[in-house]
Amino acid sequence: MEIKEAVDLFKKKNSLMAAYNHAMGVMYYDIETAAPKNAAHGFGETMAALSEVTYKLSVNEENFELLDFLTAHSDELDEITRREVEEAQKSLKLLRSIPIDEFVEYQRIQSEASSVWHEAKVKSDYAMFEPHLRKLVDYTRRFAKYASPDTDPYDYWLNEFEEGFTQDVLDDYFGKIKAALVPLIHRVMEKPQADDSFLHKHYPAARQRELSAYLMSVMGINRDDCSIGETEHPFTTGFNKHDVRITTHYYEDALASSMYSVIHEGGHATYEMNNSDELLGSPLFGGASCGMHESQSRFYENIIGRSRAFIDLVFPKIQEMFPEQLDGVTAEQFYKAVNRAEPSLVRTEADELTYSLHVLIRYEIEKKLLRGELDTKDLPAEWNRLYKEYLGVDVPCDKEGCLQDSHWSGGSFGYFPSYSLGSAYGAQILAHMKKELDVDSLVRNGELNKVTDWLREHIHKYGMIKKPKELLQICCGEDFDPKYYIEYLTDKFSKLYEL
Ligand SMILES: [Zn+2]
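Notes on the structure follow. (Residues numbered from 1 in each chain as written. Predicted model: local features only at pLDDT ≥ 70, side-chain atom pairs only at ≥ 80, totals over all residues. Heavy atoms only, no water.)

**Some points on the coordination of the zinc ion**
At 2.1 to 2.6 Å from the zinc ion lie its protein donor atoms, namely His264 (NE2), His268 (NE2), Glu294 (OE) and Glu294 (OE). Each donor residue of the zinc ion belongs to the same chain, and together they define the spacing H-x3-H-x25-E. With His264 and His268 both in helix H10 (residues 255-273) and four residues apart, this pair spans about one turn of that helix. In this structure His264 comes out as buried when scored by relative accessible area, which is 9%. (Donors = N, O, S within 2.8 Å, 3.2 Å for Na, K, Ca; no water. Helix = DSSP H or I, 4+ residues; strand = E, 2+ residues; numbered from the N terminus. Buried < 20%, exposed > 50% of the residue type's maximum accessible area, 1.4 Å probe, protein only.)

Structural data, given as C-alpha cells:
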C-alpha cells in the first residue's frame, strides 16, 4: 500500500467515526437535558446498536493492519496524522489484547454494576454493590496485565489517564500535598468562618439563568458556538470548536452552586472552542488529557473565578441582579463567602482548599484495591478511617461515603488523580503566566480575553496534538512541579483566614 492511499483511508475512517460519535454525543446530551424520562429505553437500544457499529469499525484486522502500516511509516506523516495514528493505536491497544469473550463478559458486568450502584447508593447499601465491585477490580487488574504484562496494574491505568504518572510520581505528589495541606486546614479550622448565609437566600432560577448568560459573556464565550442546558450533574460536551455545550443545575437556595458550575464548565468549553481550525473533524479535537482539561476548568473556576479581582469585576452586576438578597453585602464579604473552606463529606461539593484530600483518599484506596492489599469487603471501613484521619469528619453512611462517586461502578480506576493534578497544573501555569501578564489587573478590568488569549496560544490551540508534559514545557519551560499548587493554596488561604 502507498502511504498516501493509507492516509486517505485512515482519514476517511476517522470522518465516519466522528460522524457516529457526533450522533451518539448529541443523543447523550439530549437524554441528559431535554428528553422525557421514559426515553431511556429507546435510547439504550439505539446507543447499543451504534456502539456495535463503531466497535466493528475500529476493532477488525483490516484496521489493525492499516494502523500498523502507518505506525511503521510514522516519520513520513505530518504531525497531526502521526498523533492521530498514535492515539488510535493507544485506544485499541487494550481491545487488541483482551480475549473477545472476556471483553463481552466485562461489558455485561460493567453495566450490571452500574445499575446496582445507582440502587445501592439510594439505599446506602454497600453490601449490595460489593460483589460487583469485586468483579470489576478483578477484571481491571487482569486487563492491565493483558495490555502490559510487565507493568504494575495500577501504574498501567494511571498512565492511561495521565501519561507519565505512576504510583512513584503520585506518592511523591500526594505526600507533599498531604504534608502541607493537613496542617493548613487545621489552622484554618481554628479561625472564625465568614458568614455566607446571604448565598443561601432565595435566588429564583429565572434570574440565575440571566446570571449564567452574564458570566459566559464575561468569559468571552461566543454563544453561537456554545449553548447552555440544565442537568442534574453539570458537564460539558463538545463535537467541534463550533458546537460545544455546557450544562448547569440551578439550586434556588444556593447562588454559588450554579455560578461556579457555569464558570467551571465554561472553562472546559473555552478550551475546546479555542482548538485550532486544523483540528476540525480530527479525533485530536478536545484536551490533551483529563488532567489538562480539568486544569482549564479549575483555572477559570477557582484561580480566576474565586479571586478577589474577579469578584471586584462581577459583584456589582450580581448585586444589581439580586438587590434584595445581597442588600448591604460588600465585595469583600462575597469574596470570603465563596472561598469558605471546611472539611466535608462529598468530593463534588468540596472547597478549593480541601478538594485534593478527597482525591488523595480515593487514590490510596484504588492503589490498595489493585495491589490486592485491600479486600473490597473492607472498603467502607478504610474509607471512613481515611476521612477521619485527613479531614477530621465522621462518615454517617455509605451513600455519603464510599458510594458517592460513579467512577468505580463504571470500572474506572486511576481517573481520580487527574482531578487533583488539574488544580496543580493550573497553579503552575498561573505562576508562569504572571511573568508575562498582570493577571489581577486584567481580570479586575474585565480583560479576561487577554488571559484566554495566553491560554489559547500556550495550551488550547493544540487540542491533543501535544501531550500534557509538552504543554507544561511550552507554558512553563519545566516539568510538573507541585510546589506551585502548595504555594498558591498556602498564600491564598493564609490571607483569607489571617493565619
Ligand atoms: Zn470538570
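**Description of helix H1 (residues 3-33)**
Under the 1.5 Å per step criterion, the end-to-end length of H1 is 44 Å for 31 residues, consistent within 8% with the ideal 45 Å. All of the buried residues in H1 are Ala6, Val7, Phe10, Lys13, Asn14, Met24, Gly25 and Tyr29. Taken together, the buried residues of H1 touch helix H2 (40-58), helix H3 (61-72), helix H4 (79-97), strand E1 (226-230), strand E2 (236-240) and strand E3 (243-248). (Expected span 1.5 Å × (residues − 1). Contact = heavy atoms within 4.5 Å.)

**A look at helix H11 (residues 290-304)**
Helix length check: H11 (15 residues) gives 20 Å between terminal C-alpha atoms against 21 Å at 1.5 Å per residue, within 8%. Arg298 marks the point of greatest bend in H11, at about 40°. In terms of residue burial, H11 counts as a mostly covered element, since 14 of its 15 residues are buried. (Bend = angle between axes of the 7 residues up to and from the residue.)

**Concerning the sheet that holds E1**
Overall, mixed pairing links the three strands, which are arranged E1-E3-E2 in an open sheet. Looking along the sheet, the strands with just one partner apiece sit at the ends: E1 and E2. The average angle at which neighbouring strand axes cross in this sheet is 20°, direction not considered. Across four bridges, the pairing between E2 and E3 is antiparallel. Across the sheet, Thr236 pairs through a bridge with Ile246, a residue of E3. Contacting E1, E2 and E3, H1 runs over the sheet at an angle of about 20° to E3. (Pairing = 2+ DSSP bridges. Axes fitted to C-alpha atoms, helices over the stretch in contact; angles between N-to-C directions.)

**Notes on the environment of Ala254**
Within the secondary structure, Ala254 sits in the loop between E3 and H10. For Ala254, a relative accessible area of 15% translates into the label buried. Distance from Ala254 to Leu199, taken between C-alpha atoms, is 5.8 Å for residues 55 residues apart in sequence. Ignoring anything within four residues of it in the chain, the contact list for Ala254 reads Leu199, His200 and Gln208.

**A short note on the pattern of salt bridges**
Overall, the coordinates contain 47 salt bridges when judged by the stated rule. Between Lys56 and Glu52 there is a salt bridge whose closest N-O contact spans 2.9 Å. Of this pair, Lys56 and Glu52 both sit in helix H2, separated by four residues, roughly a single helical turn. Among the residues examined, Lys56 registers a relative accessible area of 53% and is labelled exposed. Using a relative accessible area of 45% as the deciding quantity, one classes Glu52 as partly exposed. The partner of Arg134 in a salt bridge is Glu130, and the shortest N-O contact between them spans 2.9 Å. With Arg134 and Glu130 both in helix H6 (residues 126-147) and four residues apart, the pair spans about one turn of that helix. Since its relative accessible area comes to 8%, Glu130 is described here as buried. Three or more residues are tied together by salt bridges with common partners; here these are Arg308, Asp312, Glu332, Lys336, Arg444 and Glu498. (Salt bridge = Lys/Arg side-chain N within 4 Å of Asp/Glu carboxyl O.)

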